[in-house]
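Read off the chains here:
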Amino acid sequence: MSLHLEPYQIAYKFLIFKFSILLFMNAIKLIASFLLMLSVGYGLNVKFGSVPPIGKFLNPYTGIWQNETDETTTGTLSIPNLKDKVTVHYDAQLIPHVFAQNENDLYRAQGYLTAKHRLWQMEFQTFAASGRLSEIIGEAALNYDRQERRRGMVYGAEQTLKKMSEDPTTLAQVQAYADGVNSYIAHLKPEDYPVEYKLLDYQPEAWTPKKTALLLMYMTKMLAGGDNDMENTNALRLFGKARFDLLFPDFYNYTEPIIPKDHDWSFINVLQTPHPNTEPVLEAVAETITKPDPNYGSNNWAVSKEKSATGHAILANDPHLGLNLPNIWFVMQLSTPNHNVFGATLPGALGIISGFNEHISWGETNATRDVIDWYKIEFNTNRTHYKYNKEWKPLKKRVEHIKIRGQEAYRDTVLYTHHGPVVYDKNFKSDNNLSGYAMQWTGFIPGNGQKTFTEMNKAKNYDDYKKALKHWVAPAQNFVFASTEGDIALWVQGQFPNKWEGQGKFVMDGSQPENDWQSFIPQKFNAHVKNPKRGFVSSANQTPVDEAYPFYVFNDGYETYRNRVINNYFNSKAQFSVDDFKDLQNNNYNLKASELMPYMLSLMDTTRFNSDEKEIYQLAKHWDYNNAMDEFGPSIWKAWWDVLYDMVWDEFEVENMALTTPFTYQTIALLKNNGDDDFMDLINTPEKETAKDLFRLSFSEAVKNLNTWKTKHGSLKWVNYKGTFAGHLLQALPAFSRFNIPIGGGKNIVNATAENWGPSWRMIVEMTSPPTALGIYPGGQSGNPGSQFYDNFIDKWAAGDYYQLHFLPNDTATKAIIGTQTLTPLK
Amino acid sequence: MRHNLLHFSITIVLAFLFALFLPWWSVMLAAIGAAFLVPLKKATVFFIPFLGIFLLWFLWSYYLSASNNFIMAKRIAVLLPLEGNPYLLMVVTGIIGGLAAGIAGIFGTQLRRLIKE
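Residues numbered from 1 in each chain as written. Chains lettered and ligands numbered in written order. Predicted model: local features only at pLDDT ≥ 70, side-chain atom pairs only at ≥ 80, totals over all residues. Heavy atoms only, no water.

### Here's the deal with the overall build of chain B
Next, step 1: From N to C terminus, chain B includes five helices and zero strands.
Next, step 2: For chain B, the N- to C-terminal ordering of α and β elements is α-α-α-α-α.
Next, step 3: With respect to the principal axes defined by its C-alpha atoms, chain B has extents near 50 × 25 × 25 Å.
Next, step 4: Burial statistics for chain B: of 117 residues in total, 52% are counted as buried.
Next, step 5: Sequence-distant contacts, at least 24 apart, represent 72% of the contacts inside chain B between residues at least 6 apart.
Next, step 6: Of the accessible surface of chain B, which amounts to about 5,700 Å², a share of 73% is contributed by carbon and sulfur atoms. (Helix = DSSP H or I, 4+ residues; strand = E, 2+ residues; numbered from the N terminus. Buried < 20%, exposed > 50% of the residue type's maximum accessible area, 1.4 Å probe, protein only. Contact = heavy atoms within 4.5 Å. Areas by Shrake-Rupley, 256 points an atom, 1.4 Å probe, with all protein chains shown as cover.)

### Quick word on the UniProt feature "transmembrane region" (unreviewed entry) in chain A
Next, step 1: The sites that carry the UniProt feature "transmembrane region" (unreviewed entry) are, in the present numbering, residues 21-44 of chain A.
Next, step 2: The straight-line gap between the two end C-alpha atoms of residues 21-44 of chain A is 34 Å; of that span, 96% is helix and 0% is strand. (UniProt positions renumbered as here; feature names shortened; annotations may be inferred.)

### Thoughts on the interface of chain B and chain A
Next, step 1: Each side of the interface is counted separately: chain B has 38 residues, and chain A has 42 residues.
Next, step 2: With both chains or domains summed, chain B and chain A bury close to 3,400 Å², and 76% of this area falls on carbon and sulfur atoms.
Next, step 3: The largest share of the area that chain B buries against chain A comes from Trp24(B), Met72(B) and Arg75(B), three residues that together contribute 23% of it.
Next, step 4: Linking chain B to chain A there are one salt bridge.
Next, step 5: The salt bridge partner of Arg75(B) is Asp791(A), with a shortest N-O separation of 3.2 Å.
Next, step 6: Where chain B touches chain A, the interface holds 12 residue pairs in polar contact (both at pLDDT 80 or more). (Buried area = accessible area lost by both parts, 1.4 Å probe. Salt bridge = Lys/Arg side-chain N within 4 Å of Asp/Glu carboxyl O. Polar contact = N/O pair within 3.5 Å; in protein donor to acceptor, adjacent residues only side chain to side chain.)

### Description of the packing of aromatic side chains
Given two aromatic rings, one states the distance between the centres and the angle between the planes to describe the pair.
Residue and element names in this part refer to chain A.
Next, step 1: Throughout the structure, instances matching the rule amount to 64 aromatic pairs over all chains.
Next, step 2: Between phenylalanine 356 and phenylalanine 807, the ring centres sit 5.0 Å apart and the planes meet at 75°, which makes this aromatic pair edge-to-face. Within this pair, whereas phenylalanine 356 is found in strand β9 (residues 354-357), its partner phenylalanine 807 is found in the loop between β27 (803-805) and β28 (817-825), the two being separated by 451 residues in sequence. The exposure classification of phenylalanine 356 matches that of phenylalanine 807, with both residues buried.
Next, step 3: A centroid spacing of 5.4 Å and a plane angle of 80° characterise the contact between tryptophan 441 and phenylalanine 444, whose relative ring orientation is edge-to-face.
Next, step 4: The exposure class assigned to tryptophan 441 is buried, which follows from its relative accessible area of 2%. (Phe/Tyr/Trp six-rings, centres within 6.5 Å; stacked < 30°, edge-to-face > 60°.)

### What to know about the sheet that holds strand β7 (residues 330-336) of chain A
Residue and element names in this part refer to chain A.
Next, step 1: The 11 strands lie next to each other as β1-β28-β2-β3-β7-β8-β9-β10-β18-β19-β21, forming an open sheet whose pairing is mixed. Every other strand in the sheet has two partners, leaving β1 (75-79) and β21 (528-530) as the edge strands with one partner each. Between one strand and the next, the sheet's axes are offset by a mean angle of 20°, whatever the strand orientation.
Next, step 2: Here strand β19 (residues 488-493) pairs with β21 via three bridges, running antiparallel. From the neighbouring strand, alanine 489 faces β21, where its bridge partner is lysine 530.
Next, step 3: Where helix α3 (residues 103-129) meets the sheet, its contacts fall on β1, β2 (86-91), β3 (96-99), β7, β8 (339-345) and β28, and the angle it forms with β7 comes to roughly 160°.
Next, step 4: Together, β18 (477-483), β19 and β21 form the strand contacts of helix α13 (residues 462-469), whose direction differs from that of β19 by roughly 10°. (Pairing = 2+ DSSP bridges. Axes fitted to C-alpha atoms, helices over the stretch in contact; angles between N-to-C directions.)

### Description of helix α5 (residues 86-116) of chain B
Next, step 1: Here α5(B) spans 44 Å end to end across 31 residues, near enough to the 45 Å set by a 1.5 Å rise per residue.
Next, step 2: Put simply, Asn85(B) is the residue that caps the front of α5(B), since its side-chain oxygen is 2.8 Å from the backbone nitrogen of Tyr87(B). (Expected span 1.5 Å × (residues − 1).)

### Let's talk about the domain arrangement of chain A
Next, step 1: Examined at the domain level, chain A breaks down into domain 1 (7-58) and domain 2 (591-625 + 632-716).
Next, step 2: Domain 1 of chain A and domain 2 of chain A are separated by 70 Å when their C-alpha centres are compared. (Domains from an automatic or database assignment.)

### As for the pattern of salt bridges
All names here are of chain A.
Next, step 1: Under the counting rule described, the total for this entry stands at 40 salt bridges over all chains.
Next, step 2: In this structure, glutamate 205 engages lysine 211 in a salt bridge whose closest nitrogen and oxygen atoms are separated by 2.6 Å.
Next, step 3: On the basis of relative accessible area, lysine 211 is assigned to the buried category, the value being 6%.

### Some words on the UniProt feature "binding site: Ca(2+)" (unreviewed entry) in chain A
All names here are of chain A.
Next, step 1: The UniProt entry lists Asp370 and Asp373 under the feature "binding site: Ca(2+)" (unreviewed entry), expressed in the numbering used here.
Next, step 2: Inspection of the secondary structure assignment puts aspartate 370 in the loop between β10 (360-366) and β11 (372-378).
Next, step 3: Ignoring anything within four residues of it in the chain, the contact list for aspartate 370 reads Asp227, Asp229, Lys499, Gln503, Gly504, Lys505, Phe554 and Asp556.
Next, step 4: When neighbours within four sequence positions are excluded, aspartate 373 is seen to be in contact with Asp229, Ala438, Met439, Gln440, Lys499, Gln503, Gly504, Met508 and Trp517.

### Section: a positive patch on the surface
All names here are of chain A.
Next, step 1: A grouping of Lys466, Lys467, Lys470 and Lys530 is seen on the molecular surface, where their side chains present a positively charged patch.
Next, step 2: Relative to the helices and strands, lysine 466 resides in helix α13.
Next, step 3: For lysine 466, a relative accessible area of 31% puts it in the partly exposed group. (Patch = residues over 30% accessible without salt bridge, like charges linked within 9 Å, V, L, I, M, F, W, Y side chains within 5 Å. Lys, Arg positive; Asp, Glu negative; His and termini not counted. Charge placed at Lys NZ, Arg CZ, Asp CG, Glu CD.)

### Notes on the pairing of β9(A)
All names here are of chain A.
Next, step 1: Residues Ser354 and Phe356 point to one face of β9 and Gly355 and Asn357 to the other, with burial holding for every one of them.
Next, step 2: Relative to β9, β8 runs antiparallel, the two sharing four bridges. In the strand pairing of β9, phenylalanine 342 is matched with phenylalanine 356.
Next, step 3: Two strands pair when backbone bridges link them, and β9 and β10 are joined in this way by two bridges, in the antiparallel orientation. Counted as the bridge partner of phenylalanine 356 is serine 361 from β10.
Next, step 4: A loop of two residues connects β9 with β10, the two strands running antiparallel in sequence.

### Topic: the UniProt feature "transmembrane region" (unreviewed entry) in chain B
Next, step 1: Mapped onto the present numbering, the UniProt feature "transmembrane region" (unreviewed entry) falls at residues 12-38, 45-66 and 86-107 of chain B.
Next, step 2: With 70% helix and 0% strand, residues 12-38 of chain B has its two end C-alpha atoms placed 13 Å apart.

### Thoughts on the packing of helix α12 (residues 449-456) of chain A against α13(A)
Think of two packed helices as two axes; the pair is described by the angle between the axes and how far apart they sit.
All names here are of chain A.
Next, step 1: The N-to-C vectors of α12 and α13 enclose an angle of 165°; their axes lie 8 Å apart at closest approach. Here α12 is positioned roughly antiparallel relative to α13, judged by the angle of their axes. Of the two elements, α12 crosses α13, and the hand of that crossing is right-handed. For the pair formed by α12 and α13, the contact residues are Thr452, Glu455 and Met456 on the first element and Tyr465, Ala468 and Leu469 on the second.
Next, step 2: Of the residues belonging to the contact of α12 with α13, the class tally is four nonpolar, one polar and one charged. (Parallel < 35°, antiparallel > 145°, perpendicular 65-115°, else oblique. Left-handed = near helix turned anticlockwise from the far one by under 90°. Nonpolar A, V, L, I, M, F, W, Y, C, P; charged D, E, K, R; others polar.)

### Digging into helix α9 (residues 209-224) of chain A
Next, step 1: Over its 16 residues, α9(A) runs 22 Å from end to end, which matches the ideal 22 Å to within 8%, given 1.5 Å per residue.
Next, step 2: The buried fraction of α9(A) amounts to 15 of the 16 residues, a majority that puts the element mostly inside the structure.

### Describing the side chain of Gln781(A)
Residues and elements named next belong to chain A.
Next, step 1: Structurally, glutamine 781 is set in the loop between β26 (772-776) and α22 (794-798).
Next, step 2: Side chain to side chain, glutamine 781 and tyrosine 777 meet in a polar contact 2.5 Å long.
Next, step 3: Apart from residues no more than four positions distant in its own chain, glutamine 781 is found in contact with Gln93, Leu94, Ile95, Pro96, His117, Arg118, Phe330, Val331, Phe789 and Phe793.

### Side note on a nonpolar patch on the surface
Next, step 1: A surface patch of nonpolar side chains, amounting to about 620 Å² of accessible area, comprises Phe14(A), Phe17(A), Ile21(A), Phe24(A), Met25(A) and Ile28(A).
Next, step 2: Mapping Phe14(A) onto the fold places it in helix α1 (residues 7-43).

### Observations concerning the side chain of Lys505(A)
Next, step 1: Here Lys505(A) shows up in the loop between β19 and β20 (508-509).
Next, step 2: Discounting residues that sit within four places of it in the chain, Lys505(A) has contacts with Asn228(A), Asp229(A), Asn232(A), Phe244(A), Phe248(A), Asp250(A), Asp370(A), Tyr552(A) and Phe554(A).

Given below as structure tokens:
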């Protein structure tokens, strides 16, 4: 071994060695710290499941702190393609009063201002309408998206757009509105995005006329997207025709129709389609697509000048829709030199939907006619054709591309027949390779409903109103009308198929041409009434007509209580004032409970009550059938009725079968008049129960339920038990919602405020010249949860109060105006 | 101590300037920059930029929120959930920014060491 190193060499080598170790260690540390930094940075910048990207979300430069802003109501803004200056006055409720020099400028400004206050909502609603929620929230929404595509939402919107595009005026206006929205979006920086975009981590996209059509389709689905054909078919198969007719009569034993019973129909010279003697197909799917809440409804009415305490006609409207934040309505005044109109708009649609101008006022309730029918379709073996009139007719294919966040897109092929889309087939809620069910819907008929509103906004009298209505196809609405001239009227407007007796109650054979919709009721023969003898018109989603109307109408869920309370009220005295209108909109009388509960209480054998039952019984006996906040009666009634109803219809609890239980009115009628019917029997007990037994059993059960609830949640006062809330559009996210709103009322009550739906806009207009009006809604003008204007109307609304609507005669600011913004053409 | 204070101030100034044209993660660049300009020792490498950005984000969010009565902060403090307390939300905001900056400070120090030694 000749290895010999001098000490200095050893020291040198050692130093080199130490240095490289150090270097190595430092490099490791460097890389480690770099990776750590990257992962923290990345982790804070992306979304995990429903957790927002926390760094992006919370940083003070672009995160939610930038949404801590109030609304700007002053200044000058330059908007591309405006022809002229537009003045926007804001009042203390943040209602914009818009004064433009021409209609295109007006709708451009409406688009701009709506986006300014409600951008996220208007876009989200159209995403929901078009089955695009998976793009925002991922695969969890895929089933929802497929369902919306398959029910033809996008197809329907395309038909609407086609029809709108045929009208150059409408097209220009809808385009101006879209451009207005886009001018607003264009100047937004990421820090300005509404908070919901930050929460879900996405960006707004451009608005298009198609989105306006989608919004209208969204309303069509909400208001005319329900039917029971499949459920009725199953019930018919299960119980037979005689029993079915007992449970689901075409008309009830009373009628209080929208068009008064004494109405003369002799002007109608077209006949109802004769019955083709085809038989329903006794087949249906086990599970149907989600339907809109059948409780959505509305009230409207008007009194003539003779019936008005002041000599001017008075009109009222309160649409009952889901109580959401942001509210579905946005209130505006829209004015050009040729017209001046005020009222509630729908973010995404042009013009005022429920409101008044200098000459007329109008408002809508839902006309809930059966406008969806289902056809069983038979395919050939390779599913390219379907059987129709003993021949094979080609199917059209529509491929729906559903984008999914963080995943590959999903492609769904939907087959289309001449009826409409085959919603259910082997790919969706059905398993038969050779058959499916196609949907026929007035929502697919091309219509320019948008024009009804732009024309109505300018209407000067009854004739203009009538003309504007002609464009309205779906969803069918009861349009109430009053004018400064003193006319009052109500048209049940929509495009209605002229059905044969019983058509569309059950699933039909799609191969038989006789089962097609043969024709439509000519528009002029739609049920309507002008200046009736009784001095008032009203509608509350009840049957439009009685059996005297020459076309086929049957009860498929018409409301049966509010209409009677309203009409009784107007029959109770000679003249009515605006204050009477307020009282009526806030009326809490529970007619439904009053028609059954006294009867049930009178049949109770109280001797064997336990102490809980005694207590509840006493409270129930002392109730005056008013659904006021502090009452216990409404809570008892609801708890009792819910149990009783389920007991009566236990025959409907069949697994794997879509069924709808009979309507409330008929249930109560049967309980009172057919108390020993077989349906009263509880199928799970050996004894044979009667209605009286059910009253007793359900009462005990309800008392237990009430006491359990009380232990958990406290007082049984109606306001607590009902727990009305206004939920944010994102599944009622608690942070952006309002809970325990102090208000009475309830289902089937004129003040229809239930847990999560109710009067979404209350308006009263007295037809003075110019009209004077009151209005309010449960929400606020701003869509920003960080704004004081987000939910500031709710308490006043709950208390039954209104805002005076400041109808400015011209663009001169009055004392009511708190700020003025000027929109100027971009040079 | 003088070093710490200097580093602290530089972090805040850089973060403030970067925020004018860069996204939120520019606080990390600020911390790296400060680490280059004024070297620190041991745990201060993390804690000084942490404190700097914590303070900056806390005060900035307080400033934005106070002018609007903390309406949004109270709501977001329900969402997260922080019992609806806007100040807790400001603390969380500060911690998030501070954490990002502190870790970037560690990296900056390592980088400086490798380059300069």
